[in-house]
Amino acid sequence: RRDKHVKLAAVFDIDATLLTQQGRIEPVCDLYNYCKTRRGVTPFIITARSSGGRSYTHKQLETMEIDGYKRLYMHPEEDARGLTPDDAGAEKKRSRLKIESHNYRICVNAGDAWHDHFNPIPRELARSLGRDAIYAFVTADGVAHLKLPG
């Protein structure tokens, strides 16, 4: 049973998760829309894209009919040069913690990279499962993860 004051959140990456260069990834967009329309589940978007492209990103999401998210978290522009996966993972973790600091509990997390889900990345898990398949799993904290190829 969950505390009625804690709100549920669903977190989605953009590139290779909601969108590709060819357009929307429909099954993931369906999951996004399901979360968006579920009473009490608030969608958030966390991306490693630089905050310098915020207006382009908002427009792209609008064009692709991805709307209704509470907030778009992006990598700070001043830190975007030479961004490594570990840097992106650390920033995405900070973004997830910010969401949780506003009395949200993340119940769904979708992304194509291991750093969309973990920081630090459990190297053995990433090595043993690889990166070119789809994995769905629930972690001990009750978060349902969708890890896409990436």
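Located above this text is the structure these notes cover.
So, here is what we can say about the structure in this document.

Rules and cut-offs
Residues numbered from 1 in each chain as written. Predicted model: local features only at pLDDT ≥ 70, side-chain atom pairs only at ≥ 80, totals over all residues. Heavy atoms only, no water. Salt bridge = Lys/Arg side-chain N within 4 Å of Asp/Glu carboxyl O. Helix = DSSP H or I, 4+ residues; strand = E, 2+ residues; numbered from the N terminus. Buried < 20%, exposed > 50% of the residue type's maximum accessible area, 1.4 Å probe, protein only. Phe/Tyr/Trp six-rings, centres within 6.5 Å; stacked < 30°, edge-to-face > 60°. Lys NZ or Arg CZ within 6 Å of the ring centre and 35° of its normal. Pairing = 2+ DSSP bridges. Core = buried A, V, L, I, M, F, W, Y, C linked by side-chain atoms within 4.5 Å. Contact = heavy atoms within 4.5 Å.

With respect to the pattern of salt bridges
Thought 1: A complete count under the given rule lists 7 salt bridges for this structure.
Thought 2: In this structure, the salt-bridge partner of Lys92 is Asp13, at a minimum N-O distance of 3.0 Å. Residue Lys92 is located in helix 3 (residues 85-101), and its partner Asp13 is located in the loop between strand 1 (7-12) and strand 2 (19-20); the two are separated by 79 residues in the primary sequence.
Thought 3: By relative accessible area, which is 4% here, Lys92 ends up buried.

Examining the packing of aromatic side chains
Thought 1: Throughout the structure, instances matching the rule amount to 7 aromatic pairs.
Thought 2: Considering the side-chain rings of Trp114 and Phe137, the 6.3 Å spacing of their centres and the 35° angle between planes classify their relative orientation as tilted. With Trp114 in the loop between strand 6 (104-111) and helix 4 (123-129) and Phe137 in strand 7 (residues 135-138), the pair connects residues that are 23 residues apart, well separated along the chain.
Thought 3: Overall, Trp114 belongs to the buried group, its relative accessible area being 8%.
Thought 4: With a relative accessible area of 21%, Phe137 lands in the partly exposed category.
Thought 5: Three or more aromatic residues joined by ring pairs make a cluster, and in this case those are Trp114, Phe118, Tyr135 and Phe137.
Thought 6: The ring of Trp114 carries the charged tip of Lys147 above its face, separated from the ring centre by 5.3 Å.

Thoughts on the pairing of strand 8 (residues 144-147)
Thought 1: For strand 6 and strand 8, the ladder comprises 4 bridges, and the chain directions are parallel. Bridge pairing links Asn109 to His145 in strand 8.

Some points on the nonpolar core
Thought 1: If you look at the biggest cluster of nonpolar residues, it comprises 23 residues, and the most contacted ones within it are Phe12, Leu18, Val28, Ile45, Leu61 and Ile66.
Thought 2: Where this core is concerned, the elements lending two or more residues are strand 1, helix 1 (26-37), strand 4 (41-50), strand 5 (72-75) and strand 6.
Thought 3: Broken down by element, the residue count for this core peaks at 4 residues, all from helix 1.
Thought 4: Each residue touching Ile66, except ones within four places of it in the same chain, is listed here: Leu18, Leu19, Arg24, Cys29, Tyr32, Ile45 and Leu61.
Thought 5: Counting 9 residues, the second-largest nonpolar core is a separate cluster that includes Ala9, Val11, Ile99 and Val143.

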